[in-house]
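The residues making up each chain are set out below.
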Amino acid sequence: MDIQLKPRPWYIRHPYRILAGIAFLGFAVYVTLLAFGPRRLMIDANEYNIVNVQELPFMEYIDVEGVVCPIQTIRLNVMESGYVERIVAEDGAMLQAGDTILVLSNPELLRTIDEEQAEWENQQRNYREQEIEMEQHSITLRQQALDAAHQMASLEKSLQQSREEYRMGIKSKAELEVLEEDYNYRCKKAELEVQSLKHDSVCTLLKREMVDARRKASMRKMSRSADRVANLVVRTNVAGQLSFLNVTLGQQVPSGTSVGEIKVLTEYKVHASLSEYYIDRITTGLPASIRYQEVRFPLRISKVVPEVKDKNFDCDLVFTADKPANIRLGKSYRVQIELGNQETTLVIPRGDFFQHTVGQWIYRLSPDGKTARKTPIKIGRENPQQYEILSGLQPGDKVLVSGYGKFGNIDELVIK
């Protein structure tokens, strides 16, 4: 009699299929976790820069390259046109105020000035003749006034005598009236002569003033002519170095032409070019400094050029105390321009994370230091060495500040 066997359970009859299904399900779960869970990357801590978040002294400043320049550069311009007759000073020569640089020749100018000189001498003779004529006229008028006064005095005496004779009965009344009429006529005539003398005196005074004004004008003209001759000798009006002289012997140089430059070397300034980002914050008077051989030399901004070229603008700085002993024209220094006062705040060192995250987040390490996750942060001010942290981090936190170009969109780093 046959015995009916019980069928084996399905999980025994299909073990391989079950194992394959479990494996597939596990793989699907793994893929799902990779796709929707936090993305991780394992890194070596020795290959990256891990720093502490600390409260340290912070100062906002700009670190730029500055070039030493002369405190002043003066263009050398020719005031009168002419041919270069002689070159006295060469490029690079050290000059004192008043030293001759070059000599020009202009025969046409000299001929014109000779003609003006002859004309001026004729004018001076004419002015002198006019003055002599006015003096003679004044003398004549004074003589006439003196004669009139003498005649009036004589007439007055004669009239008084005639009046006495009339009272004595020697002269008639008709004769006395004739003498009185003559006296009155002579008095009025004398008054007119006095008025004429005063009028002529005023006119003479005005003529003298006009002659003096014309004489002074002619003197100024001759003085300018003499200056034009003196301008044929080109001199320096300051002490300094002749940086270059752009003329040759025999060259014709028009008036107003710039032929060289004088660099004033009594003091120096530092010229720097800054990003337009700082144009609203850089003003004259801001403190700055350079550090050379472990010594700090203070400066201040003396001039700001507001014009922006190629996204940069220029400024000049001057030394406010000592300057480096071996300072030379064209030498470069690192200049730190201070934008605020020093204060204690939460900071982290600079790193390449800012270029990749725009300062919006950073990898912060866990307390055990085995992982680092994205943490939102807010960055405030900065300087060439530090960033100011406004929120997102606490003192004592550790953050990763380098290598962000390799991480992509990784959410969590596993640190070994």
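Note that this is a predicted model, so its numbers are computed, not measured.

**Focus on the overall build of the protein**
Point 1. When helices and strands are counted, the protein shows 5 helices and 22 strands.
Point 2. Over its C-alpha atoms the protein spans a radius of gyration of 52 Å, topping by over 25% the 22 Å that the globule rule assigns to 416 residues.
Point 3. Taking the principal axes of the C-alpha coordinates as reference, the protein spans close to 220 × 65 × 45 Å.
Point 4. Partitioning the contacts of the protein with sequence separation of at least 6, the portion at a separation of at least 24 is 76%.
Point 5. Total accessible area on the protein is roughly 27,300 Å²; 52% of this is exposed by carbon and sulfur atoms.
Point 6. Seen as two clouds, the 54 positive and the 56 negative side-chain charges of the protein have centres 11 Å apart.

**Looking at the nonpolar core**
Point 1. By size, the foremost hydrophobic cluster in this structure holds 25 residues, and its most contacted members are Ile348, Phe353, Ile362 and Tyr363.
Point 2. At the level of secondary structure, the elements contributing two or more residues to this core comprise β16 (343-349), β17 (361-365), β20 (386-391), β21 (398-400) and β22 (412-415).
Point 3. For this core, the leading source of residues is β17, giving 4 residues.
Point 4. With sequence-adjacent residues up to four places away left out, Ile362 is seen in contact with Ile348, Phe353, Arg373, Lys374, Thr375, Ile377, Leu393, Val399, Leu400, Val401 and Tyr404.
Point 5. Counting 24 residues, the second-largest nonpolar core is a separate cluster that includes Val64, Val68, Leu299 and Ile327.

**Points about the pairing of strand β14 (residues 312-319)**
Point 1. Most of β14 is tucked away: 6 of the 8 residues are buried.
Point 2. As defined by bridge partners, strand β11 (residues 258-275) adjoins β14 across 7 bridges and the pair is classed as antiparallel. Each residue of the ladder has a partner; that of Lys269, found in β14, is Val318.
Point 3. As judged from the 7 bridges shared by strand β13 (residues 295-309) and β14, these two strands associate in the antiparallel manner. Bridge pairing links Val305 to Asp314 in β14.
Point 4. The turn linking β13 back onto β14 is made up of 2 residues, and Asp310 within it adopts a positive phi angle of 55 degrees.

**Side note on the environment of Val247**
Point 1. Of note, Val247 is situated in the loop between β9 (240-245) and β10 (252-253).
Point 2. The spacing of Val247 and Lys331 is 84 residues in sequence and 29 Å in space, taken between C-alpha atoms.
Point 3. Look past the residues within four positions of Val247 in its chain and what remains in contact with it is Val84, Ile87, Leu102, Val253 and Val259.

**Some points on the pattern of salt bridges**
Point 1. Counted by the stated rule, this structure contains 12 salt bridges.
Point 2. Here Arg373 ties to Glu412 by a salt bridge, and the two come within 3.5 Å at their closest N and O atoms. Here Glu412 lies in strand β22 and Arg373 lies in strand β18 (residues 371-376), a separation of 39 residues in the sequence.
Point 3. Judged by its relative accessible area of 6%, Glu412 falls in the buried class.
Point 4. The partner of Arg381 in a salt bridge is Glu388, with the nearest N and O atoms 3.0 Å apart.
Point 5. Judged by its relative accessible area of 25%, Arg381 is partly exposed.
Point 6. Each of Glu343, Arg381 and Glu388 takes part in a single network of salt bridges with overlapping partners.

**Observations regarding the state of the cysteines**
Point 1. One pass over the structure, following the stated rule, counts 0 disulfides.
Point 2. For Cys69, which is in no disulfide, the shortest distance to another cysteine sulfur is to Cys315 and amounts to 11 Å.
Point 3. Overall, the relative accessible area of 0% leaves Cys315 in the buried class.

**Details of helix α3 (residues 107-168)**
Point 1. Taking 1.5 Å as the rise per residue, α3 with 62 residues should run 92 Å; its terminal C-alpha atoms sit 92 Å apart, in good agreement.
Point 2. Once α3 finishes, Gly169 follows within two positions and takes phi at roughly 85 degrees, a positive value.

**A few points about the sheet that holds β21**
Point 1. With mixed pairing, 6 strands are arranged side by side in an open sheet as β1-β22-β18-β17-β21-β2. Each edge of the open sheet carries a strand with a single partner, namely β1 (40-43) and β2 (50-52). Here the strands of the sheet are splayed against their neighbours by 35 degrees on average, with no regard to which way each runs.

**What to know about the side chain of Gln386**
Point 1. Tracing the chain through its elements places Gln386 in strand β20.
Point 2. Excluding its chain neighbours within four sequence positions, the residues that come into contact with Gln386 are Leu56, Pro57, Phe58, Val347, Ile348, Pro349 and Arg350.

**Let's talk about the confidence of the model for the protein**
Point 1. Taken as a whole, the protein shows an average pLDDT of 82; of its residues, 91% reach a score of 70 or greater.
Point 2. Within the protein, β14 carries the highest mean pLDDT (93), whereas helix α1 (residues 10-13) carries the lowest (57).

**What about the sheet that holds strand β3 (residues 54-58)?**
Point 1. A sheet is described by the order of its strands in space; here 4 strands give the open sequence β3-β16-β20-β19, paired in antiparallel fashion. Each having just a single partner strand, β3 and β19 (378-382) make up the two edges of the open sheet. The sheet shows a mean angle of 60 degrees between the axes of neighbouring strands, direction not considered.
Point 2. Note that β19 and β20 share 3 bridges and pair antiparallel. Looking at β20, one finds that Lys378 is bridged to Ser391.

Calculation criteria
Residues numbered from 1 in each chain as written. Predicted model: local features only at pLDDT ≥ 70, side-chain atom pairs only at ≥ 80, totals over all residues. Heavy atoms only, no water. Helix = DSSP H or I, 4+ residues; strand = E, 2+ residues; numbered from the N terminus. Rg over C-alpha atoms; globule rule 2.2 N^0.38 Å. Contact = heavy atoms within 4.5 Å. Areas by Shrake-Rupley, 256 points an atom, 1.4 Å probe, with all protein chains shown as cover. Lys, Arg positive; Asp, Glu negative; His and termini not counted. Charge placed at Lys NZ, Arg CZ, Asp CG, Glu CD. Core = buried A, V, L, I, M, F, W, Y, C linked by side-chain atoms within 4.5 Å. Buried < 20%, exposed > 50% of the residue type's maximum accessible area, 1.4 Å probe, protein only. Pairing = 2+ DSSP bridges. Salt bridge = Lys/Arg side-chain N within 4 Å of Asp/Glu carboxyl O. Disulfide = S-S within 2.5 Å. Expected span 1.5 Å × (residues − 1). Axes fitted to C-alpha atoms, helices over the stretch in contact; angles between N-to-C directions. pLDDT = per-residue confidence, 0-100.

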